[in-house]
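Given next are the chains, with one letter for each unit.
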Amino acid sequence: MEQIKAYDPKGIILSGGPCSVTAPDSPRAPQEIFTMGIPVFGICYGQQTMVTQLGGVVERGHAREFGRAFVTVRTHNALLDGVWDEGAKEQVWMSHGDRVTKLPDGFEITGASEGAPYAMIADNNRRFYAVQFHPEVVHTPHGAALLKNFTHKVCGCRGDWTMAAFRAESIAKIRKQVGTGKVICGLSGGVDSSVTAILLHEAIGDQLHCIYVDTGLMRKGESEQVVSLFRDHYNIPLIHEDAGSLFLQKLEGIFDPEQKRKIIGGLFIDVFDDCAKRIGGADFLAQGTLYPDVIESVSFTGGPSVTIKSHHNVGGLPARMNLKLVEPLRELFKDEVRALGTELGMHPDFVKRHPFPGPGLAIRIPGAITAEKLEILRKADAVYLEEIHNAGLYDEIWQAFAVLLPVKTVGVMGDERSYDYVCALRAVTSTDGMTADYYHFSHAFLSRISTRLINEVPGINRVVYDITSKPPGTIEWE
């Protein structure tokens, strides 16, 4: 409460989270926030703790909702102003197992879904609002408008923040933190680390040195693109370390996805450390860590988030190398990083590139990894992305990739029996990677890409398409 009072907020948003309010010692908001006289907005778990703390009831054991759902609007309030009308049935994104079963005094139902009879509730006198769904994700189509109504109309915020301001603030912070020190930045070839490097270069110039560890787990032609971009276009000092054979050797016979990630992360640190010693005299390590990495990897500031999967770019390196950490993008989501890249003048084709995981193709080959499988997957992935570009769909999709399954099936090719791998295709829509829905390709497109993959990529004789949303699945298979 001391922090909250010192901040003097115009309103408070209670976010979602993985806990159950019915469990002992589950998180609660400070009770005093409900007597400060300011608006409060509860989302998912935030709704449930608000209801519990104000005298309502939340129960387990009812129908769960994960993914797309529809809310019927019953009554109007300030949150819905100009967005949803009474009687409308609107799409939202759900992710809950518990649900509200009794409202506190002063609240009324403003909307209900099939699995959540109290999907939207409000106490208009106290300006308390709560929803069971997630308005902060792109799959609640008008969710951003609901949030804006809360921040701007209910709370009275101005909304004058810009990415140009963030750029200027970040450069000032970097210069203050780094001073005259030398910074080493690890490049992965993705948008995050590239934006980090370019922002740092703008802030500190020749004090920045970049290292690109080529794990041999990259997509087709990716390493060449990275080296060309930073050495030739931006003229940033770069070490390109080809360590593909070493990574493949260490991954031989490893099946468990978490073990793969940890091996890749540990070996990456070893190779990176060796490169850093060659540069010498570094004081800081820069990483392209984003907020979703933090949320899914560690419990942020000791809070109630859970570890979903390891991300090798959020731990290990600074302690090992005795370096201080510079992470200018740590509080940004992917869509904001793209906006920053545009603000920095990066080419649109690079800024709009689909995300690529730190462990690379290793987590797109469930089971053991071999050089043969990597070559098959590279070819399949290149063909798939080429077809997406040819169809003019690349910018509509958040992320698209092929997965080589550890399954062989019988096929008939050229009147002969074949026994080859199954290739799974994945394409999703999202804005921040925290939630995602599968992309609705036409059957004609799927038929065309299946034919190309089987005809052009030796080793594949069957193609499937993944239509799982996040949640309950993750975007990557491992």
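Numbering of residues starts from 1 in every chain and runs along the sequence as written. With pLDDT at 70 or above as the cut-off, local features in this predicted model cover only qualifying residues; side-chain atom pairs require 80 or more to be listed or tallied, and sums for whole chains, interfaces and linings still use all residues. Hydrogen atoms and water are omitted, and side-chain values are computed over all heavy atoms in the structure.

Focus on the sheet that holds strand β1 (residues 12-14)
The cut-off we apply is this: Here the rule is simple: two strands pair whenever DSSP picks up at least two bridges between them. Secondary structure follows DSSP: runs of H or I at least 4 residues long count as helices, runs of E at least 2 residues long count as strands, and numbering of each begins at the N terminus. For helices, the fitted axis covers only the stretch in contact; all axes are lines through C-alpha atoms, and the angles between them, taken along N-to-C directions, range from 0 to 180 degrees.
The strand order across the open sheet formed by seven strands is β1-β2-β9-β8-β7-β4-β5, and the pairing between neighbours is mixed. If you trace the sheet from one side to the other, it starts and ends with β1 and β5 (89-96), each paired once. When the angles between neighbouring strand axes are averaged without regard to direction, this sheet yields 25 degrees. As judged from the four bridges shared by strand β8 (residues 120-123) and strand β9 (residues 128-131), these two strands associate in the antiparallel manner. Across the sheet, the residue bridging to D123 is F128, located in β9.

Comments concerning the confidence of the model for the chain
The cut-off we apply is this: Per residue, pLDDT measures the predictor's confidence, with a range of 0 to 100. It only takes one pair of heavy atoms within 4.5 Å for two residues to be counted as in contact.
Summing up the model confidence of the chain, the mean pLDDT is 89 and the portion of residues at 70 or higher is 93%. Across residues 304-314, where pLDDT falls below 50, the model places 44 contacts with residues more than four positions away in sequence or in other chains.

Things to note about the sheet that holds strand β12 (residues 238-242)
Pairing is parallel across the open sheet formed by five strands, whose spatial order is β12-β11-β10-β13-β14. The open sheet has two edge strands with one neighbour each: β12 and β14 (324-326). The sheet shows a mean angle of 25 degrees between the axes of neighbouring strands, taken without regard to direction. Pairing of strand β11 (residues 208-214) with β12 involves five bridges; the strand directions are parallel. By the bridge assignment, I211 is partnered in β12 with I239. The strands that helix α6 (residues 222-233) touches are β10 (183-187), β11 and β12; relative to β12, the one it contacts most, it runs at about 165 degrees.

Regarding the nonpolar core
Short version of the rule: By nonpolar core is meant a set of buried Ala, Val, Leu, Ile, Met, Phe, Trp, Tyr and Cys residues that side-chain atoms within 4.5 Å join together. Burial here depends on accessible area, computed with a 1.4 Å probe over protein chains only, as a share of the maximum for the residue type. Under 20% is buried, over 50% is exposed, and the range in between is partly exposed.
In this structure, Y384, I388 and F441 are the most contacted members of the largest nonpolar core, which totals 90 residues. Those residues in contact with Y384 that lie beyond four places of it in its chain are A400, F401, A402, L425, R426, A427, F441, F445, I449 and Y465. One finds V71, L79, F133 and F150 within the second-largest nonpolar core, a separate group that totals 24 residues.

Things to note about helix α8 (residues 257-279)
To keep things clear, this is the line we draw: Multiplying 1.5 Å by the residue count of a helix minus one yields the expected span of that helix. Here a polar contact is recorded for every N or O atom pair within 3.5 Å, except that within protein the pair must consist of a potential hydrogen donor and a potential acceptor, and residues adjacent in sequence are included only if both atoms are side-chain atoms.
Between the first and last C-alpha of α8 there are 33 Å, a value that for 23 residues agrees with the 33 Å anticipated at 1.5 Å per step. Residue D256 occupies the N-cap position of α8, its side-chain oxygen lying 3.2 Å from the main-chain nitrogen of E258. G280 occupies a position one or two residues after α8 and carries a positive phi of about 75 degrees.

As for helix α3 (residues 143-154)
Taking 1.5 Å per residue as the helical rise, α3 with its twelve residues ought to reach 16 Å, and the 15 Å between its terminal C-alpha atoms agrees with that figure. Packed against the buried residues of α3 are β1, β2 (40-43) and β9. Just beyond α3, the residue with positive phi is G156, at close to 80 degrees.

A closer look at the packing of helix α4 (residues 163-178) against helix α5 (residues 191-204)
Heads up, the rule is: Throughout, the term roughly parallel applies to angles under 35 degrees, roughly antiparallel to angles over 145, roughly perpendicular to angles from 65 to 115, and oblique to all others. Handedness of each helix crossing follows the sense of rotation of the near helix against the far helix: counterclockwise by less than a right angle gives left-handed, clockwise gives right-handed. Each residue gets one of three labels, nonpolar for Ala, Val, Leu, Ile, Met, Phe, Trp, Tyr, Cys and Pro, charged for Asp, Glu, Lys and Arg, and polar for the others, Gly among them.
The interhelical angle for the contact between α4 and α5, taken along N-to-C directions, is 65 degrees, at an axis separation of 9 Å. With respect to their mutual orientation, α4 and α5 come out roughly perpendicular. α4 and α5 meet at a crossing whose hand is right-handed. Residues R167, S170, I171, I174, R175 and V178 of α4 lie in contact with α5, whose contacting residues are L199, L200, E202, A203 and I204. Here the residues of the contact of α4 with α5 are counted per class, giving seven nonpolar, one polar and three charged.

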